[in-house]
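# Close look at the chain arrangement
Given next are the chains, with one letter for each unit.
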Amino acid sequence: MALINDFSRSLVLLFACAWAPAINAASELASTQILTIHNVERRAVGLKPMVWDAGLAKAADKYAAELAQTGRWNHSPPNARPGQGENLWMGTHGAFAVREMISDWSTEKSRFRAGQFPDVTRSGSWHEVGHYTQMIWPTTRNVGCSMRSSSEDDYLVCRYSEPGNVVGKPVG
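Anyway, here's the lowdown on the structure attached to this text. Please read all numbers here as calculations on a predicted model, not as lab measurements.

## Some details on the packing of aromatic side chains
What describes a pair of aromatic rings is the distance from one ring centre to the other and the angle between the planes of the rings. Following the criterion strictly, the structure yields five aromatic pairs and no others. Here Trp73 and Tyr155 contribute two aromatic rings whose centre-to-centre distance is 6.2 Å and whose plane-to-plane angle is 50°, an arrangement assigned as tilted. Of the two residues, Trp73 is situated in the loop between helix 3 (54-70) and strand 2 (85-92) and Tyr155 in strand 5 (residues 153-161); the sequence distance between them amounts to 82 residues. Three or more aromatic residues link up through ring pairs in this structure, and these residues are Phe117, Trp126 and Trp137.

Here you go:
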């Protein structure tokens, strides 16, 4: 009887872990890595560090789950996330470490130039640096992220408060 109970408990635990959000609940290390990479970028331009926000992480998790379930790939409507900025990343399931996902956004700094948003790139297309500018937005203080997966792809969603990329505001 003890063997059956242990087996049942193992199945319940396995099932619960399989459905747990990859960043919010199951990986404190991932959330620490995400926050650290953001704050390294902020420190490099003389900004105060951000702090992890569980409420933003919960909102990010809800949208990450929706992306993974539907396979859609676009930002959530701004009215669905009032007062929150958003960065998205998608890639082949299991092929990338969290630090690689966030570092993709950091590499945009090579195309960034300080200015008033959206005039913040050498090319004139702010979309080339929009993830990076959200990371270093001067008035952003909080971040929360989550990753969900489909059988094919991983979806990382980060939410920010205050949101960045505000037209007419200075960055850098």
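## A look at unusual backbone geometry
Cis geometry marks the peptide bond from Phe117 to Pro118, where omega comes out at 15°. Within the secondary structure, Pro118 is located in the loop between strand 3 (115-116) and helix 5 (130-135). In this structure, Glu162 follows Ser161 across a cis peptide bond, with omega equal to -15°. Turning to its location among the elements, Glu162 is positioned in the loop between strand 5 and strand 6 (170-171). Located in the positive-phi region is Asn165, a residue other than glycine, with phi close to 55°. Relative to the helices and strands, Asn165 is located in the loop between strand 5 and strand 6.

## Quick notes on the packing of helix 2 (residues 28-44) against helix 4 (residues 98-106)
Here helix 2 crosses helix 4 at 25°, and the two axes come no closer than 9 Å. Accordingly, the angle class assigned to the pair helix 2 and helix 4 is roughly parallel. Of the two elements, helix 2 crosses helix 4, and the hand of that crossing is right-handed. Contacts from Ala30, Gln33, Ile34, Ile37, His38 and Glu41 in helix 2 reach Val98, Arg99, Ile102, Ser103, Trp105 and Ser106 in helix 4. For the contact of helix 2 with helix 4, the per-class residue count stands at six nonpolar, four polar and two charged.

## Digging into the side chain of Thr121
Within the secondary structure layout, Thr121 lies in the loop between strand 3 and helix 5. Look at Thr121 and you get buried, because its relative accessible area is 1%. A polar contact is formed between the side chain of Thr121 and the backbone nitrogen of Gly124, at a distance of 2.8 Å. A polar contact is formed between the side chain of Thr121 and the backbone nitrogen of Ser125, at a distance of 3.0 Å. Other than its neighbours up to four places away in sequence, Thr121 contacts Arg111, Arg113, Trp126 and Val129.

## What to know about the state of the cysteines
Disulfides are covalent bonds that link the sulfur atoms of two cysteine residues. Scanning the model with the defined rule gives one disulfide in all. Cys145 shares a disulfide with Cys158; S-S distance 2.0 Å. Because the sign of the S-S torsion sets the handedness, a value of about 110° for the bond joining Cys145 and Cys158 places this disulfide among the right-handed ones. Note that Cys145 is positioned in strand 4 (residues 142-149) and Cys158 in strand 5, a separation of 13 residues in sequence. Judged by its relative accessible area of 0%, Cys158 is buried.

## Some words on the nonpolar core
Within the largest apolar cluster, 17 residues are counted, with the highest numbers of intra-cluster contacts made by Ile34, Ile102, Trp105, Val143, Leu156, Cys158 and Tyr160. If you list the elements that add at least two residues to this core, you get helix 2, helix 4, strand 4 and strand 5. Apart from residues lying up to four places away in sequence, Cys158 is in contact with Ile34, His38, Gly85, Glu86, Asn87, Ile102, Trp105, Val143, Gly144 and Cys145.

## A closer look at the side chain of Arg81
Mapped onto the secondary structure, Arg81 falls in the loop between helix 3 and strand 2. A relative accessible area of 13% places Arg81 in the buried class. Within the structure, Arg81 has its side chain in polar contact with the side chain of Ser76 (distance 2.7 Å). Excluding its chain neighbours within four sequence positions, the residues that come into contact with Arg81 are His75, Ser76, Glu86 and Arg159.

The rules behind each value
Residues numbered from 1 in each chain as written. Predicted model: local features only at pLDDT ≥ 70, side-chain atom pairs only at ≥ 80, totals over all residues. Heavy atoms only, no water. Phe/Tyr/Trp six-rings, centres within 6.5 Å; stacked < 30°, edge-to-face > 60°. Helix = DSSP H or I, 4+ residues; strand = E, 2+ residues; numbered from the N terminus. Axes fitted to C-alpha atoms, helices over the stretch in contact; angles between N-to-C directions. Parallel < 35°, antiparallel > 145°, perpendicular 65-115°, else oblique. Left-handed = near helix turned anticlockwise from the far one by under 90°. Contact = heavy atoms within 4.5 Å. Nonpolar A, V, L, I, M, F, W, Y, C, P; charged D, E, K, R; others polar. Buried < 20%, exposed > 50% of the residue type's maximum accessible area, 1.4 Å probe, protein only. Polar contact = N/O pair within 3.5 Å; in protein donor to acceptor, adjacent residues only side chain to side chain. Disulfide = S-S within 2.5 Å. Core = buried A, V, L, I, M, F, W, Y, C linked by side-chain atoms within 4.5 Å.

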